[in-house]
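Residues per chain are reported as follows:
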Amino acid sequence: MTYWFDRARPRRPFSDCLPPDLLRRNSADLMSLPENDLVRHHITLSRQNLCVDSCFYPLGSCTMKYSPKASEIIVTDRGLSDAHPWQPDSEVQGILAILAELQHDLAAITGMDAFCLYPAAGAHGEFCALKTARRYFHKRGDDRRTEVLVPENAHGTNPASAAMSGLKVLVVKMNAAGRVDLADLRAKLSDRTAVLMLTNPNTLGLFETEILDVARAVHAAGGLLYYDGANLNAILGRVRPGDMGFDMVHVNLHKTFSIPHGGGGPGAGPIGVKKHLVPFLPSPFLIAGSDGSSWSWTDDCPDSIGRFHGAFGNVLNLIKGWIYLRLLGDEGIRRVSLAAVLNANYLQEKIKPLLPVPYSDGPCMHEFVASALPLKEKFGVSAMDVAKRILDEGFYAPTVYFPLLVREALMIEPTETERRETLDRFVELMKTVIQEAADNPDRLRQAPFSLPVRRVDEVRAARNPILK
Amino acid sequence: MSVPDNLRYTKDHEWIRVDSSTGRVGITQFAADQLGDIVYVDLPAVGIEVKQFDVIASIESVKAVSDIYAPVSGKVTVVNATVVSKPEIVNSDPFGAGWMFEIALSNPSESAALLSPADYESHARSHS
Amino acid sequence: MKSAGTGFVPHSDEEMLSMARHIGLDRPEDVFSKIPPDLLVDQPPLGRSQMSQDAVLRLAAGRAARTRLDRPSFLGAGFYDRFVPPALIESILRRTDYYSAYTPYQAEASQGLLRGLFEYQQGICALTGLDVANASLYDGATALAEAVLCVFSLSDHPAGVRDAGAARTGGRGAADPAGTVLVSSAVHPYYRAVLKTYLADIPIRIVEVPFCSEAGQTLPAAFRVKTESPVVAIVAQNPNLFGIVEDMKSIAGVAADLGAGFVHVFEPTSLSILASPAEVGADIAVAEGQSLGLPLYYGGLALGVFAAGEKYLRRMPGRIVGQSVDADGLQAYCLTLQTREQHIRREKATSNICTNHTLCAIFAGAYLRLLGFDGLQSVVETAAARLEQFVDGIRDCSFVKPLFRSTALFEIAVRSDKPMDHLPVLPLGRFYPGMDRSYLVSFTERRTPQDVDWLIREIKSL
């Protein structure tokens, strides 16, 4: 039965070595299946998902771009897959070189002085950066700084990360143009301000044109400026957060840097900081040998916030990010942001006649937010209904109900890896669905029809949780 | 929309029915409609003491969670287990069977300062 | 200039120009017109050209070739050289319908992911005996930190109740703790370090409880220490860092006496032999899930396993999959109880976690189904057999002895008078100052009798 490896048994049974209280009393039913059937099961299940490799995925704020298969192939190499994290540094120089080079690349792209690759996801990176900032202030004797400013349309991870860092959240309003309200920001800045967390372009897909003024205001108050890198794709290779005045950044390898999303993870959310924050980054640090061509981990980081991850971060994804950056080079990086923003603008121009785009004031960046509110008001059809109907037609739906600032929001981000023909087909689909909202609203309200299941009763799932 | 006129109301859409020094508290139809299908109500522990407008409970739909504030100061005496086992009752009968808890008022004059039915109605209308 | 395909952008230059003109722009670059020109960088961001796929693959292969793999590995301590079932690589890890899909917020388009995660939750609950498991966190170390935060947010202490955000900030500094967590120092040092980092800015004090240096176990009585603030949680690991089986039931008893939550760090395969977290009375159980058949990747394909008793359900971190029905009454799955999470509860969420380790969790859930309970037992038994072979083999070696007298399951700490740092074992001095001549020797089902003989010979020849 156990034919995956050669089975053995110890001479002394465990019951001889351990008292009964320490041994498991009842076996567990692990719903075992023979290999053939388990493979069938998962192949069947996998076919019940829509994935980027099978359809267009215009999910705003997620940057669902194509994941290069070169990354998927090379990582099966034993030298990567079999490396144990506790092997001596001398035995894993190739991997350490990859990590060091990735740190260097990410710092160059974002205009930071150093990078830390431990955070396993964007939210993890935010948390890491905030703790690093706290330690920085603590070292300066500035322990009064316990407030984090977050824009009102920020992603939920921003305030949650602040709370986990023991910091109080203050919300900064947006102005009528959908950008940070400078006056409100100035009113909320004080000597208790630790950090302002921003993404640029923001969650409405708009470039924060006053960013230099924002940075000046935050720094004048003695605070730090943090860049949520979720929207980096729009400015990749063209604008560096460091030049905009940001002191810290996180990047999402599973967004901007093409790592596949994994159905929800694993991702990777490395953080970068400017010089003044480097000593406080998590330990251990990766340092170069005196010959410049060898690498080692050091725990000699007296001001570090300490360990932040059980090993060295999501190394598999870090390696994939390294591969992507080599495939891109300088030519590729700038083409990415150009095509990402061009594709978004192309779609915006074609969607505008169909649905309002409330905060549009000229070209958008890599994404834009349309509103299905007219459909709701006229035909009783919500953004969610529109999304479900889109799924029916073999396209993934845009992000819905985020940012909250826009009612019945549909956030659309095509990314740069989509052909014009795909974008045109999406527009045709939107036209069809919107017309259907008028002619046959029930078809949207009851969608989807063609997927493995009809609309799932999420209310029932929450009222009577069945979790196993 | 009309609201029962034997109740007092808060700006945060709680109602309270005061009988001498006991108050029964729930949320209004307006609030329930805004939340959508209620999936969970997190009630206070019996015996806890609160000040007026303290967070005392919370209520959830699939996509949102809202705090519920004590309309008056006092001690919680009874909670309505039905809204925990059947949260949908808050949607269907928020002023009746969907009540949430009862509170022994420590300062009965506080309820007089709450919103009248008419004032609450215009407040709710301006927020819809 | 540059042809289509650069940066995986399908457009040619002509196409981009045409699209730009179509929407009323002169050139594609005009889409950046709103950006203050001072901010636009002109110099090449990376300072190097794009590489062909062939060239990158060769470069990466060269890097990979520098990993030393010419000897059997006896490294463990949380990450184990497991046999990675090819069936799961092919049907899950390399299956694009799983790995290139998004988080299953749109349930109807993600039933495969949701069902895979649900089965993982089922498997973890069966293995641990606990009521609920989430759909994964990042790794074992951060899962432990999240568990302590979860216990704290539910504790009876006023600062811990309901509004977790306020509790954490509440004007209190670390000098004025609202609660204490007692942690055995036989818990993996990196887990303790990550926990310390996570708790640094909130009012929970960590007190380390020393293990018994003879037994290598943490004696339950050692947890009865006087603390300044109420003990909110107790943390112990089984098997502990030294591979030794702890008396978790008695430790749980102490936790119950103190009114503290008991957080049990476990190694997944060992639960086929050892008393489960539920059997010993644990409140929350966490583990590094790489041990469930995932490839090592230098610790970089980890999996944070998290399971808990029912009472923690509403304050549990992470995504959870629930079973429901669709509009036709057919069984269907969806993410549920999302109001716990950051995208809804924001600063009041127990955790900020968003992206988790879905693909790894689906894999781990499948590993449990593939091996079944008996298969898991065989993983542990085979490793234990190799450990036995090793202990027998070094018995007549005068300078190497087991460090502790208690029973070790599949990894064992030994003390050596001669340095063994050049051998593929783990120097414990790296984790515990003063344990310089001690080493952790770990066995897995992949170590053959010949591997073990080789190690014995290498040691004896020192």
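Residues numbered from 1 in each chain as written. Chains lettered and ligands numbered in written order. Predicted model: local features only at pLDDT ≥ 70, side-chain atom pairs only at ≥ 80, totals over all residues. Heavy atoms only, no water.

J.: Just to check I follow, could you spell out the overall build of chain A for this structure?
T.: The secondary structure content of chain A amounts to 15 helices and 12 strands. Over its C-alpha trace chain A gives a radius of gyration of 25 Å, about what one expects of a compact globule, namely 23 Å for 468 residues. Its C-alpha atoms give chain A principal-axis dimensions of about 75 × 60 × 45 Å. Sorting the 468 residues of chain A into buried and exposed places 68% on the buried side. Carbon and sulfur atoms provide 49% of the accessible area of chain A, an area that totals close to 14,900 Å². For chain A, the centre of its 53 positive side-chain charges and the centre of its 54 negative side-chain charges are spaced 4 Å apart. (Helix = DSSP H or I, 4+ residues; strand = E, 2+ residues; numbered from the N terminus. Rg over C-alpha atoms; globule rule 2.2 N^0.38 Å. Buried < 20%, exposed > 50% of the residue type's maximum accessible area, 1.4 Å probe, protein only. Areas by Shrake-Rupley, 256 points an atom, 1.4 Å probe, with all protein chains shown as cover. Lys, Arg positive; Asp, Glu negative; His and termini not counted. Charge placed at Lys NZ, Arg CZ, Asp CG, Glu CD.)

J.: I'm lost on the sheet that holds strand S7 (residues 65-69) of chain B in this one. Help?
T.: Hydrogen bonding along the main chain pairs the strands of a sheet, whether they run parallel or antiparallel. Residue and element names in this part refer to chain B. Taken in spatial order, the three strands line up as S4-S6-S7 in an open sheet, and their pairing is antiparallel. Looking along the sheet, the strands with just one partner apiece sit at the ends: strand S4 (38-42) and S7. Sheet twist, expressed as the mean angle between neighbouring strand axes with direction ignored, is 25°. As judged from the four bridges shared by S4 and strand S6 (residues 55-61), these two strands associate in the antiparallel manner. Residue pairing in the sheet places Ile38 in a bridge with Ser61 of S6. (Pairing = 2+ DSSP bridges. Axes fitted to C-alpha atoms, helices over the stretch in contact; angles between N-to-C directions.)

J.: Would you mind showing me how to read the interface of chain A and chain C here?
T.: How big an interface is tends to be expressed through the accessible area that disappears when the partners come together. Residue-level contacts link 193 residues of chain A with 191 residues of chain C. When the buried surface of chain A facing chain C is broken down by residue, Arg24, Trp86 and Arg335 of chain A rank first, second and third, together holding 5% of it. If you look at where chain A meets chain C, you find 16 salt bridges. Arg63 of chain C is the salt-bridge partner of Glu101 of chain A, the closest N and O atoms lying 2.8 Å from each other. On inspection of chain A and its partner chain C, the count reaches 102 residue pairs in polar contact (both at pLDDT 80 or more). For the side of chain A that touches chain C, the leading source of residues is helix H10 (residues 315-351) of chain A, giving 27 residues. (Contact = heavy atoms within 4.5 Å. Buried area = accessible area lost by both parts, 1.4 Å probe. Salt bridge = Lys/Arg side-chain N within 4 Å of Asp/Glu carboxyl O. Polar contact = N/O pair within 3.5 Å; in protein donor to acceptor, adjacent residues only side chain to side chain.)

J.: Teacher, can you tell me more about helix H5 (residues 111-128) of chain C here?
T.: An α-helical segment advances 3.6 residues per turn. Residues three or four places apart therefore align on the same side. Residues and elements named next belong to chain C. Taking 1.5 Å as the rise per residue, H5 with 18 residues should run 26 Å; its terminal C-alpha atoms sit 25 Å apart, in good agreement. Most of H5 sits out of view: 15 of its 18 residues are buried. With its phi angle positive at about 80°, Gly129 sits one or two positions after the end of H5. (Expected span 1.5 Å × (residues − 1).)

J.: I'm lost on the sheet that holds strand S1 (residues 114-116) of chain A in this one. Help?
T.: All names here are of chain A. Taking strand neighbours across the sheet as the criterion, the seven strands line up as S1-S7-S6-S5-S4-S2-S3 in an open arrangement whose pairing is mixed. A strand with exactly one partner marks an edge of an open sheet, and here the two such strands are S1 and strand S3 (168-172). Across the sheet, the axes of successive neighbouring strands diverge by a mean angle of 25°, strand direction being ignored. Where strand S4 (residues 193-198) and strand S5 (residues 224-228) come together, four bridges link them in parallel fashion. Paired with Val195 across the two strands is Leu224, which belongs to S5. Contacting S4 and S5, helix H9 (residues 211-220) runs over the sheet at an angle of about 135° to S5.

J.: I keep staring at the pairing of strand S8 (residues 321-325) of chain C and nothing clicks. Help me out?
T.: Every regular strand shows the same layout, with side chains that alternate between the two sheet faces. Residue and element names in this part refer to chain C. Of all five residues that make up S8, five are buried, and the element is covered over most of its length. The pairing of S8 with strand S9 (residues 331-335) spans five bridges and is classified as antiparallel. What sits directly across from Val321, in S9, is Leu335. Between S8 and S9, which pair antiparallel and follow one another directly, the connecting turn spans five residues, one of which, Gly329, has a positive phi of 85°.

J.: Got a minute to help me understand the packing of aromatic side chains in this structure?
T.: How two aromatic rings sit relative to each other is set out by the distance from centre to centre and by the angle between their planes. Across all of its chains, the model carries 32 aromatic pairs over all chains by this definition. Ring geometry for Trp86 of chain A against Phe79 of chain C: centres 5.8 Å apart, planes inclined by 75°, an arrangement best described as edge-to-face. Separated into two different chains, Trp86 of chain A in the loop between helix H4 (78-81) and helix H5 (93-110) and Phe79 of chain C in the loop between helix H2 (53-64) and helix H3 (86-93) make up a pair that spans both. Per residue, the accessibility class of Trp86 of chain A equals that of Phe79 of chain C, and both read buried. Geometrically, the ring pair formed by Tyr136 of chain A and Phe280 of chain A is edge-to-face, given 5.9 Å between the ring centres and 80° between the ring planes. Here the residue Tyr136 of chain A occupies a position in helix H6 (residues 122-139), and Phe280 of chain A occupies one in the loop between strand S7 (271-273) and strand S8 (285-288), the gap between them amounting to 144 residues. In this structure, Tyr136 of chain A and Phe280 of chain A share a single accessibility class: buried. Counting every residue linked through ring pairs, the aromatic cluster contains Trp86, Tyr118, Trp297 and Phe312 of chain A together with Phe79, Tyr190, Tyr298 and Phe431 of chain C. (Phe/Tyr/Trp six-rings, centres within 6.5 Å; stacked < 30°, edge-to-face > 60°.)

Purely spatial values, then, with no claim about function.
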